[in-house]
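Given next are the chains, with one letter for each unit.
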Amino acid sequence: MNILNKKSIFTAMLQDGPFAIGDTPPFAHPFSQEAKEWSQAIKGDPMMKTKYRAVRNQIFDFLSISTFDEILLLLHDKKLRKSTTNTSNQLLGNMFGVQSNAQVIDRYLHEYARTADDVVNSLRAKVLAPYSSHIETTNEIEAMHHPVALLLVLFDERFHRKARFEAKRKLVLMSLAGSIDQRERETQIENKFAEFLSFLNDFVWSSSSKIGDLEICYLHSRHSAEEFRCMDVNVLSEAGALEVTPVAGEKLTLIKRRSFNDNGREIPIYVTIRKKPPAAKVLKLLRKNEKNPATAVDDELGLMAVLNSISDVKLFLRHLTKSAVKADSFMTLEDITDTLTGGEYGGSATGSSTKTPMLKFFARLGGMRVEFIIHTNSSYLNYMCQRDVAHDEYEVKRIFDTGVAEFLFPSDIYHLDMEKIRSTQLTRFRRMIEEC
């Protein structure tokens, strides 16, 4: 479901609904024309009325008040505001499973606020880089880290509408960051990530090389004019690459390869191991219109590998399962999708291409479930470069097509045409990909 849908789980964030941030804080008199119009807007929507009551009650419980008028006291009474902040710390700590003192809880809130800022800044750094200054967060909001301070901004007439929207957005993103952190602590993802790296170094990669000793190589590829699909590719040494000057339709791609041993033969493999950072997980929850990381983020641990040929891919799979047995763990491969030898990828993610060639599966071993994406040299280059397949294009599509861009930066506040920006950014990334 698109996140901008009226049935979205994030309805309270939408600027075309009853929770929209207006030019002035929501302090209209109950019998004013503004209040009557607002009431009329949700009159025939029982679900919206239920959501409004839930949000209102959450605000009252969190601030320890019983009417909106009491918010004015919090805005102008520093001592009362400090007391409310202290009380809310314990409430938040218990909600996110942080059983500690106020100082530790405050440190966690700082981390959640940083993650919320990272969500916006990550988009400013890549997908929306040319519009970075347009979507920069107001300084005062970026400096805030406590939910009480951010919530009070929504009702403070001193703050501009954009700042008040950004305060609400930061609250929502902090809540998702808190849920993700709680999930990571419950599943001990940090420990499992370390265990996964140890498994690879102890049992999978060749013992003839030191940990971190990588062979620098280059993929010299030729691409079709129509789709920029990889037509042929040669592996060059670092010295050999210096003798090559790519022309139009060619690419020279750096890869740093490890190796694994198969019956005395060293087989090269390029590997990138990833653990999604919190900001990436928050964006994934938004794209999937979910608040529960347990159901929406199933690829916390992942590995992408690139080998020379299909036969090397098969050898690696066998080596992987045998290595797990050596580590005293049976390994099962789940949710296997193989399009390396033909067929179309049946990915359901918005923005993904059915033409994406890869071998994808989840490996369950040692109490972990790890996502593996396996490529040959040519399929990896298609994953990086082919039109309508390239990952950079996919990143743009999924942010815009799921509604996340408009959700985070609504046009009535940021005055940006997201449809136009989507087209511009796809063209920009395509040009960068196809440059020699």
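Residues numbered from 1 in each chain as written. Predicted model: local features only at pLDDT ≥ 70, side-chain atom pairs only at ≥ 80, totals over all residues. Heavy atoms only, no water.

Overview of the packing of aromatic side chains
- Enumeration over the complete set of coordinates arrives at 14 aromatic pairs.
- Ring geometry for F165 and Y414: centres 6.3 Å apart, planes at 75°, overall edge-to-face. Of the two residues, F165 is situated in helix α8 (residues 161-187) and Y414 in helix α17 (residues 411-414); the sequence distance between them amounts to 249 residues. Each of the two residues, F165 as well as Y414, counts as buried.
- On the basis of an interplanar angle of 5° and a centroid distance of 6.3 Å, the ring pair of W205 and F316 is categorised as stacked. Here F316 lies in helix α13 (residues 310-326) and W205 lies in the loop between α9 (189-204) and β1 (215-223), a separation of 111 residues in the sequence. Summarising the burial analysis for this pair, W205 and F316 share the class buried.
- Three or more aromatic residues joined by ring pairs make a cluster, and in this case those are F60, F68 and F155.
- Of note, R369 hangs over the ring of F362, and the distance from its end group to the ring centre comes to 4.0 Å.
- Sitting over the face of the ring of F429, R428 holds its NZ or CZ atom 5.4 Å from the ring centroid. (Phe/Tyr/Trp six-rings, centres within 6.5 Å; stacked < 30°, edge-to-face > 60°. Helix = DSSP H or I, 4+ residues; strand = E, 2+ residues; numbered from the N terminus. Buried < 20%, exposed > 50% of the residue type's maximum accessible area, 1.4 Å probe, protein only. Lys NZ or Arg CZ within 6 Å of the ring centre and 35° of its normal.)

Some details on the environment of I310
- Within the secondary structure layout, I310 lies in helix α13.
- C-alpha of I310 to C-alpha of L340: the two residues are 30 residues apart in sequence and 7.7 Å apart in space.
- When residues no more than four places from it in sequence are discounted, the contact partners of I310 are L340, T341 and T376. (Contact = heavy atoms within 4.5 Å.)

Digging into the nonpolar core
- Ranked by size, the top nonpolar core spans 71 residues in total, and within it L63, L128, L286, F400, L408 and F409 carry the most contacts.
- If one sorts the elements of this core by residue count, α8 sits on top with ten residues.
- Apart from the residues lying within four places of it in its own chain, the contact partners of L286 are I3, F10, L173, L176, V404, F407 and L408.
- Grouped together as the second largest cluster of nonpolar side chains are 29 residues, F193, V204, W205 and L340 included. (Core = buried A, V, L, I, M, F, W, Y, C linked by side-chain atoms within 4.5 Å.)

Thoughts on the packing of helix α5 (residues 102-125) against helix α11 (residues 278-287)
- As a packed pair, α5 and α11 sit with axes 8 Å apart at the nearest point and diverge in direction by 80°. Regarding the angle of α5 to α11, the classification is roughly perpendicular. The residues of α11 that touch α5, namely those facing T115, D118, V119, S122 and L123, are P278, A279, V282 and L283.
- For the contact of α5 with α11, the per-class residue count stands at six nonpolar, two polar and one charged. (Axes fitted to C-alpha atoms, helices over the stretch in contact; angles between N-to-C directions. Parallel < 35°, antiparallel > 145°, perpendicular 65-115°, else oblique. Nonpolar A, V, L, I, M, F, W, Y, C, P; charged D, E, K, R; others polar.)

Some details on empty space enclosed by the protein
- Taken as a whole and judged by the stated rule, the model has two cavities of 30 Å³ or more.
- Taken as a whole, the largest cavity encloses approximately 40 Å³ of empty space.
- Lining the largest cavity are A116, D117, V120, T137, I141, E166, R169, K170 and L173.
- For the lining of the largest cavity, the secondary structure elements donating two or more residues are α5 and α8.
- The leading source of residues in the lining of the largest cavity is α8, at four residues.
- Here the lining of the largest cavity is built from residues that sort into four nonpolar, one polar and four charged.
- For the second largest cavity, the calculated volume is near 30 Å³. (1 Å grid on protein atoms, 1.4 Å probe; cavity = no way out; pocket = protein on both sides within 12 Å on 5 of 7 lines; lining within 4 Å. Points joined across faces, edges and corners; volume = space filled by probe spheres on them.)

Quick word on the side chain of Q15
- Within the secondary structure, Q15 sits in the segment before α1 (33-42).
- Classification of Q15 as buried rests on a relative accessible area of 15%.
- Polar side-chain contacts of Q15 include one of 2.8 Å to the backbone nitrogen of I21.
- Of the polar contacts made by the side chain of Q15, one reaches the side chain of D412; its length is 3.1 Å.
- The contacts of Q15, once residues within four sequence positions are left out, are A20, I21, R161, F165, K168, P410, D412 and I413. (Polar contact = N/O pair within 3.5 Å; in protein donor to acceptor, adjacent residues only side chain to side chain.)

A look at the sheet that holds strand β6 (residues 332-338)
- Taken in spatial order, the eight strands of this open sheet run β2-β1-β3-β4-β5-β8-β7-β6, and their pairing is mixed. With one partner strand each, in any of the chains shown, β2 (230-237) and β6 form the two edges of the open sheet. Going from strand to strand, the sheet's axes swing by 35° on average, the running direction of each strand aside.
- Relative to strand β8 (residues 368-376), strand β5 (residues 301-307) runs parallel, the two sharing six bridges. In the strand pairing of β8, A305 is matched with I374.
- The sheet contacts of α9 involve β3 (250-262), β4 (265-275), β5, β7 (359-365) and β8, and relative to β4 the element is tilted by about 175°. (Pairing = 2+ DSSP bridges.)

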